[in-house]
Amino acid sequence: MPTTEEVQAHLARIPNLTVSSGTPLSRHTRFGIGGPADLYAETSGIEPFVAALEAARATGIPVMVIGSGTNLIVSDLGFRGIVLRYRAEGLTAAGSRVFADSGAVLQDLVDFSVARGLKGLETLAGIPGSVGAAVYGNAGAYGHSISECVVNVRFYDGREVRTVTNPECDFHYRESIFKRHKEWIIFSTELAFEEGDAAVLRKTAEDILTVRNAKFPVTMKCAGSIFKNLLWKDLPAAVAAEVPSSAVREGKVPAAWFLEQVGAKGLTRGDIHVADYHANLIYNAGAGTAADLCELISELKRRVLVRFGIELEEEVQYVGW
């Protein structure tokens, strides 16, 4: 297997690719947590990205592709391998269609569509992360998801760059085919919208953004909600009977409800805190570590499992473990 220096020298010869060594991944995660990657490379071009990915995989060295790092928990030891990031962030419109690069900020896409009177993504206002990550995890809020607008997705499957249609993406609640094929890399998506009143859409987006920023301030080192909400119909009958009807929203029970019942609010491990006003919000108060974060997440899952017999599922992804 080639050395890190040899791989870096090889990647450095790929045009329009920026390569560095020992880059702290804490710089690339919203939690502000994570040790160094042996190599970190980024580009805004599909060709150099594919060339770098193929070259990296050919070495046998572990490869990780990241977006904006909003929902990543990176080990304190970092990542022994190569971290790649595709940074293209273009947004273009043609009538009621919008074409978005995966590196674009999701909020920028929301603002872009709302400003043009295009209805469909205004309820996603304030959700952190990139467009690619939103498609990957079928991001959504207030009863709507990005999948409702997706027409097709362009991606690299390890052999070629190709396009799949919305049905082929197999979208479900916080799920897509891309989650089951983590080696597939999303480059862009085409979205279709309904016509709407820009002023009305802007008011909806701004109201939602105000609420979200109050819960998840943009300066807070967090990933938004840690755990997925649960579908009420899938709960064991005995558990479902305990859930008050007021807690069921659009067929889902917030994970925060279960966490509240087991005393999650205000729990801490080192500098990692559960918010005292939101049981499904964990944040880094300053010098938090991945070890403390994972320990606290495990404790919350343990409490819910003991009390309700159900296992909460994280929305976050783990890197370097």
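Our subject in this report is the structure included herewith. (Residues numbered from 1 in each chain as written. Predicted model: local features only at pLDDT ≥ 70, side-chain atom pairs only at ≥ 80, totals over all residues. Heavy atoms only, no water.)

**Quick look at the overall build of the chain**
Turning to step 1, where the next piece is worked out: Across its full length, the chain carries 10 helices and 21 strands.
Turning to step 2, where the next piece is worked out: For a compact globule of 321 residues, the expected C-alpha radius of gyration is about 20 Å, and the chain comes in at 20 Å, within 12% of that figure.
Turning to step 3, where the next piece is worked out: Oriented by its inertia axes, the alpha-carbon framework of the chain measures out at about 60 × 50 × 35 Å.
Turning to step 4, where the next piece is worked out: For the chain, with 321 residues in total, the buried portion stands at 50%.
Turning to step 5, where the next piece is worked out: The contacts of the chain with a sequence gap of at least 6 include a subset with a gap of at least 24, amounting to 62%.
Turning to step 6, where the next piece is worked out: Accessible area of the chain: about 14,400 Å², with a carbon and sulfur share of 52%. (Helix = DSSP H or I, 4+ residues; strand = E, 2+ residues; numbered from the N terminus. Rg over C-alpha atoms; globule rule 2.2 N^0.38 Å. Buried < 20%, exposed > 50% of the residue type's maximum accessible area, 1.4 Å probe, protein only. Contact = heavy atoms within 4.5 Å. Areas by Shrake-Rupley, 256 points an atom, 1.4 Å probe, with all protein chains shown as cover.)

**A look at the environment of P24**
Turning to step 1, where the next piece is worked out: By the secondary structure assignment, P24 is in strand β1 (residues 18-24).
Turning to step 2, where the next piece is worked out: With 15 residues separating them in the primary sequence, P24 and L39 have C-alpha atoms 9.9 Å apart.
Turning to step 3, where the next piece is worked out: Every residue in contact with P24, bar those within four places of it in the chain, is listed here: G34, G35 and P36.

**As for empty space enclosed by the protein**
Turning to step 1, where the next piece is worked out: Scanning the entire structure with this criterion turns up one cavity of 30 Å³ or more.
Turning to step 2, where the next piece is worked out: Looking at the largest cavity, its volume works out to about 30 Å³.
Turning to step 3, where the next piece is worked out: Lining the largest cavity, in full, are L25, M64, I66, L72, V74 and V319.
Turning to step 4, where the next piece is worked out: Taken together, the elements giving at least two residues each to the lining of the largest cavity come down to β3 (63-66) and β4 (72-74).
Turning to step 5, where the next piece is worked out: Residues that form the lining of the largest cavity fall into these classes: six nonpolar, no polar and no charged. (1 Å grid on protein atoms, 1.4 Å probe; cavity = no way out; pocket = protein on both sides within 12 Å on 5 of 7 lines; lining within 4 Å. Points joined across faces, edges and corners; volume = space filled by probe spheres on them. Nonpolar A, V, L, I, M, F, W, Y, C, P; charged D, E, K, R; others polar.)

**A look at the packing of helix α3 (residues 106-115) against helix α7 (residues 198-215)**
Turning to step 1, where the next piece is worked out: One can describe the packing of α3 onto α7 by two numbers: an axis separation of 8 Å at closest approach and a directional angle of 155°. In terms of orientation, α3 lies roughly antiparallel with respect to α7. In contact with Q107, V114 and A115 of α3, α7 contributes A198, L201, R202 and L209. (Axes fitted to C-alpha atoms, helices over the stretch in contact; angles between N-to-C directions. Parallel < 35°, antiparallel > 145°, perpendicular 65-115°, else oblique.)

**Digging into the sheet that holds strand β5 (residues 79-86)**
Turning to step 1, where the next piece is worked out: Spatial ordering of the open sheet is given by β1-β2-β5-β3, a layout of four strands whose pairing is mixed. Each having just a single partner strand, β1 and β3 make up the two edges of the open sheet. Averaged over all pairs of adjacent strands, the angle between strand axes in this sheet comes to 30°, irrespective of strand direction.
Turning to step 2, where the next piece is worked out: Bridge analysis of β1 against strand β2 (residues 36-43) gives six bridges, and the strand direction is antiparallel. Its bridge partner lying in β2, S20 is registered against Y40.
Turning to step 3, where the next piece is worked out: Its contacts with the sheet put helix α2 (residues 46-59) on β2, β3 and β5, and the angle it makes with β5 is roughly 165°. (Pairing = 2+ DSSP bridges.)

**Considerations on the packing of aromatic side chains**
Turning to step 1, where the next piece is worked out: Counted by the stated rule, this structure contains 10 aromatic pairs.
Turning to step 2, where the next piece is worked out: Looking at R116, its charged tip hangs above the ring of F112, at a distance of 3.5 Å from the centre.
Turning to step 3, where the next piece is worked out: Above the plane of the ring of W184 lies R162, whose end atom (NZ or CZ) is 5.2 Å from the centre. (Phe/Tyr/Trp six-rings, centres within 6.5 Å; stacked < 30°, edge-to-face > 60°. Lys NZ or Arg CZ within 6 Å of the ring centre and 35° of its normal.)

**Structural notes on the layout of surface pockets**
Turning to step 1, where the next piece is worked out: As a volume, the second largest pocket reaches approximately 280 Å³.
Turning to step 2, where the next piece is worked out: Surrounding the second largest pocket, 13 residues form its lining, N229, L230, L231, D234 and E313 being those nearest its centre.
Turning to step 3, where the next piece is worked out: Looking at the lining of the second largest pocket, its residues break down into seven nonpolar, one polar and five charged.

**Section: unusual backbone geometry**
Turning to step 1, where the next piece is worked out: One non-glycine residue, Y142, lies in positive phi territory at about 55°.
Turning to step 2, where the next piece is worked out: Within the secondary structure layout, Y142 lies in the loop between β9 (140-141) and β10 (144-145).
Turning to step 3, where the next piece is worked out: With a relative accessible area of 44%, Y142 lands in the partly exposed category.
Turning to step 4, where the next piece is worked out: For D170, which is not a glycine, the phi torsion comes out positive at approximately 50°.
Turning to step 5, where the next piece is worked out: Note on placement: D170 falls in the loop between α5 (166-169) and α6 (177-180).
Turning to step 6, where the next piece is worked out: The exposure class of D170 is partly exposed, given its relative accessible area of 28%.

**Some thoughts on the pattern of salt bridges**
Turning to step 1, where the next piece is worked out: Applying the stated criterion across every chain, the model contains 17 salt bridges.
Turning to step 2, where the next piece is worked out: Across the pair R302 and E299 runs a salt bridge, and its minimum N-O distance is 3.0 Å. One end of the pair, R302, and the other, E299, are both in helix α10 (residues 290-308), three residues apart, so they sit about a helical turn from each other.
Turning to step 3, where the next piece is worked out: Since its relative accessible area comes to 45%, R302 is described here as partly exposed.
Turning to step 4, where the next piece is worked out: E299 gets classed as buried once you look at its relative accessible area, which sits at 14%.
Turning to step 5, where the next piece is worked out: Between K301 and E314 there is a salt bridge, with the nearest N and O atoms lying 3.1 Å from each other. Note that K301 is positioned in helix α10 and E314 in the loop between α10 and β21 (317-319), a separation of 13 residues in sequence. In terms of burial, K301 and E314 fall into one category: buried.
Turning to step 6, where the next piece is worked out: Through salt bridges with shared partners, a single ionic network connects D157, R159 and R162. (Salt bridge = Lys/Arg side-chain N within 4 Å of Asp/Glu carboxyl O.)

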